[in-house]
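One letter stands for each residue in the lines below.
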Amino acid sequence: MTQEEKSQPVLSARGITKRFPGVVANDGIDFDIRPGEIHAILGENGAGKTTLMNILFGLYQPDEGEIYIHGEKVEFKSPLDAIEHGIGMVHQHRKLVEAHTVLENIVLGHPHAGTILNLRRAEQEVRKLCEEYGFKVDFRAKVWQLSEGEKQMVEILKALYRGAKILILDEPTSALTPVETRLLLDSVQAMAKKDLAIVPFITHKLPIVLEISDRVTVLRKGKVVARLETRHATEKSLAREMVGRDVLFRVERQEVEPGKPVLEVEDLVVQSDKGFLAVEGVSFTIREGEIFGLAGVSGNGQQELVEALAGLRKPVSGRIVLDGVDVTHLPPLERWKTGLGYIPADRIHMGSIGDFTLVENVLLNYYFDQEYNRGGILDYRKARQMTEQLIEEFNVATPGPDVLGRNLSGGNLQKVILARVLSRRPRLVIADLPSQGLDVGATEFVRNKLVEAKVNGAAVLLISEDLDEILDISDWVAPIYEGRFMGIVPAAEAEREKIGVMMAGYNAEGVAQ
Amino acid sequence: MLEFITRSLDASMIFTLAALGELIGQRSGILNVGVEGVMLFGATLGFIVAQTTGSYVLGFLTAVLIGGIIGLLHAAFSVVLGGDQVVSGMGIWIVGFGLTTYIGSPYTGPLGMERIPAVLGVSPFFFVGVLLVLITWFVLQKTSLGLAIRSVGENPAVAEVSGIKVARLRILCETVAGMLMGLAGAVYALNYNPVWNYNFLMGWGFIALALVFFSMWNPWFLLGGALLFGTMWQLSLNPEMVLPGVLSRYIWRTVPFIVTSIALVLMSTPWFRTRWGAARPQALGLPYEKD
């Protein structure tokens, strides 16, 4: 490729506008990308990133605006058109057939796969790509057997095998372990060296943007609000552009003297739905005024552990003591009454009922209290008053308490759930992925509320895949790997690198377990 | 005894053809519980056309054509309109049952044509059935088209972003599925038991439907299951041929249905799902909408 070709944009978008009923998702977006460049698109949830991505990949057609590839105007009516013009997409929610093998996934839809599949030839060709960019993956394995990092590799390989020249990465490092993130960033840089154009779309991980990108385009409310060279940007400046105001990056961690033990777990063993042991004997204690951070990549037993603690799953053996009461065999309601507060990971399906109003959603944690339940009759007037109060206290953006749950954005819904759980002043708060999928502002809010609960004397169990979140506010960090704690590390000794290694199955001394 | 075996094979092939159609549709993600209805249409219209024109070829063609049309309609309802596939499938059965009874009753009675000649002692549909099983297996497992079909049935969103036209592929599969079901019906009414009668199919389509689940969506297992059910069915018609005096034919006749019920109950247990569950097309019965 000549120097002149390199300086010409391989893709440029001009005035991309897309309207949905009631909202302009993309409003006159311009941007371009050159070969060998890493050009990050940054924005909060709802800033229009997903819409833009879908337009670039042919899933949506813009209402206005044009896309040019090598200076030539193109129209993408379907992903196929986009693929044929050299666009490859690596989805955040992996688009792979779980039941098929790696190789079958890679060749799916490939025009030269042969009428009769020639998997042997494909394997040789893909192997060459692997060597070139440093990927390692078992081609014969079924996708469901792979880790998140490996699945992502498969998606990248699939795009490269289709001849992608422009690679769109949707939240590339979410759900990866620190080790996997390192590998990914290395191969992204290797690809850029080979003149691929790379467009990562990122919501949260600003340090990653600063580390790998050459340029950044920031979106807010569907518009481009900033376009800058990465070397002129800082984490603070990017966040300010994204959110439109200064953002406190580190939630103030507050030291409080820990009190009595609130949650004591002894040798807990829990089975998964598939019948294997998901939690293999964990013991830990959380005291008043402590946040206990459970760090791990999803699928290492966190879900089963939380369900056992909340009373949704029967443990095989072990003991759970909440505030001095053995709750191992008590149903969820009794646990709530003993002082449990549970914020489920899936706020849409487990945390709330979409067709219920906010009042009813709040009642889900209050209906059993005498104050709101008189001999089986619910006191809606009182519940409404409380909901109004919570809406104000927790800053929920909603027209009123009678709005249906499903009409709230993720961040506001999470605030409602947080409000109804924390307002009970629980002794133990289980916060399962509390800020997952939330934007910077809402994340900050959630973390502050958890710290506030701790200061008020609650014990908090925080489950997160975001290591920074854990390290920022936890007093103890327990990396979990395949159902076992790799150690329980006090915050002062919890260094990023060390915890990252432990999350991958090593103990604190770096010995594989 | 020889007659018993050839009759069993004939019966098995009807199950095979109908179930193979359903299997193809299901692998692409479309559930059609109205197999019985499609077979009734194929059988009745095939019977009428064959009797009227005196041509087997026209009879079978009519059956395949009407089956294809019903498959296409079911696909249009499920894929284009995103409707509930069980509702549509039940509709096909109810309409099929009612309408074919109405259309067919003037033709009640034997077909009155010379029997289709046997090839090497068995009916030619035996070879057709086995060949179609082979072709289906080969296409599904060894070709790009098959990979695309399987992917559409597992996860249409993945197929879409891989550049596959989900709607078109599903419509194609379900149309082929309907054609095979229509053919199966005609093989029953023109060859296996060439007499038109009220409710002559007596649930064969439902057994074929169950057979697909029973087969773990594998064409060879399906062929095996069909042979098993065909033999059991034949046994129920003349048990005295094989096991004289053991149980009445009415009890034997319930055997395929009981086996089907037990198999389906077993397959819906958590034990089964964790052990074998991966075989079921993950998007089966779910309409696909672009997000």
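**Digging into the overall build of chain A**
Phase 1: In terms of regular secondary structure, chain A is built from 17 helices and 23 strands.
Phase 2: Over its C-alpha trace chain A gives a radius of gyration of 25 Å, about what one expects of a compact globule, namely 24 Å for 513 residues.
Phase 3: Principal axes of the C-alpha set define a box for chain A whose edges measure 75 × 50 × 45 Å.
Phase 4: Put simply, of all contacts in chain A between residues at least 6 apart along the chain, 67% involve residues at least 24 apart.
Phase 5: Taken as a whole, chain A presents about 22700 Å² of accessible surface, with 48% of it coming from carbon and sulfur.
Phase 6: Of note, chain A has its 61 positive side-chain charges centred 2 Å away from the centre of its 75 negative side-chain charges.

**Here we look at the sheet that holds strand S4 (residues 64–69) of chain A**
Whenever strands of a sheet pair, they do so through backbone hydrogen bonds, lying parallel or antiparallel.
Residues and elements named next belong to chain A.
Phase 1: Taken in spatial order, the 4 strands make up an open sheet running S2-S1-S4-S5, and their pairing is antiparallel. Single-partner strands in this sheet number two, and they are strand S2 (23–33) and strand S5 (72–74). Within the sheet, the average angular offset between the axes of one strand and its neighbour, ignoring direction, is 30 degrees.

**Brief notes about the domain arrangement of chain A**
Phase 1: Each assigned domain of chain A is listed here: domain 1 (3–243), domain 2 (249–339 + 428–513) and domain 3 (348–425).
Phase 2: Inter-centroid distance (C-alpha atoms) of domain 1 of chain A to domain 3 of chain A is 39 Å.

**A look at helix H4 (residues 85–104) of chain B**
Residue and element names in this part refer to chain B.
Phase 1: Taking 1.5 Å as the rise per residue, H4 with 20 residues should run 28 Å; its terminal C-alpha atoms sit 27 Å apart, in good agreement.
Phase 2: Among all positions in H4, only Gln85, Ser88, Gly89, Ile92, Gly96, Thr100 and Gly104 are buried.
Phase 3: Summarising the contacts, the buried residues of H4 are in contact with helix H2 (35–53), helix H3 (56–80) and strand S2 (195–196).
Phase 4: Of the residues that open H4, the one with a side-chain oxygen 2.8 Å from the backbone nitrogen of Val86 is Asp84.

**A few points about the sheet that holds strand S15 (residues 325–326) of chain A**
Residues and elements named next belong to chain A.
Phase 1: Here we have 4 strands laid out as an open sheet, ordered S12-S11-S14-S15, and antiparallel in their pairing. Looking along the sheet, the strands with just one partner apiece sit at the ends: strand S12 (277–287) and S15.
Phase 2: Where strand S11 (residues 261–271) meets S12, 8 bridges bridge the pair, whose relative direction is antiparallel. For Pro261, the partnering residue across the bridge sits in S12 and is Arg287.
Phase 3: Packed on one face of the sheet, helix H10 (residues 302–310) meets S11, S12 and strand S14 (317–322) and runs near 120 degrees to S11.

**A look at the interface of chain A and chain B**
Interface size is commonly expressed as the accessible area that is lost once the parts come together.
Phase 1: Taken together, the contact between chain A and chain B spans 26 residues of the former and 22 residues of the latter.
Phase 2: Surface buried jointly by chain A and chain B totals about 1900 Å² across both partners, of which 64% is contributed by carbon and sulfur atoms.
Phase 3: There are 1 salt bridge connecting chain A and chain B.
Phase 4: We note a salt bridge from Glu104 of chain A to Arg150 of chain B, for which the minimum N-O separation is 3.1 Å.
Phase 5: Put simply, the parts of the chain that give the side of chain A that touches chain B at least two residues each are helix H3 (79–84) and helix H4 (102–107) of chain A.
Phase 6: Of the residues belonging to the side of chain A that touches chain B, the class tally is 14 nonpolar, 6 polar and 6 charged.

Rules used throughout
Residues numbered from 1 in each chain as written. Chains lettered and ligands numbered in written order. Predicted model: local features only at pLDDT ≥ 70, side-chain atom pairs only at ≥ 80, totals over all residues. Heavy atoms only, no water. Helix = DSSP H or I, 4+ residues; strand = E, 2+ residues; numbered from the N terminus. Rg over C-alpha atoms; globule rule 2.2 N^0.38 Å. Contact = heavy atoms within 4.5 Å. Areas by Shrake-Rupley, 256 points an atom, 1.4 Å probe, with all protein chains shown as cover. Lys, Arg positive; Asp, Glu negative; His and termini not counted. Charge placed at Lys NZ, Arg CZ, Asp CG, Glu CD. Pairing = 2+ DSSP bridges. Axes fitted to C-alpha atoms, helices over the stretch in contact; angles between N-to-C directions. Domains from an automatic or database assignment. Expected span 1.5 Å × (residues − 1). Buried < 20%, exposed > 50% of the residue type's maximum accessible area, 1.4 Å probe, protein only. Polar contact = N/O pair within 3.5 Å; in protein donor to acceptor, adjacent residues only side chain to side chain. Buried area = accessible area lost by both parts, 1.4 Å probe. Salt bridge = Lys/Arg side-chain N within 4 Å of Asp/Glu carboxyl O. Nonpolar A, V, L, I, M, F, W, Y, C, P; charged D, E, K, R; others polar.

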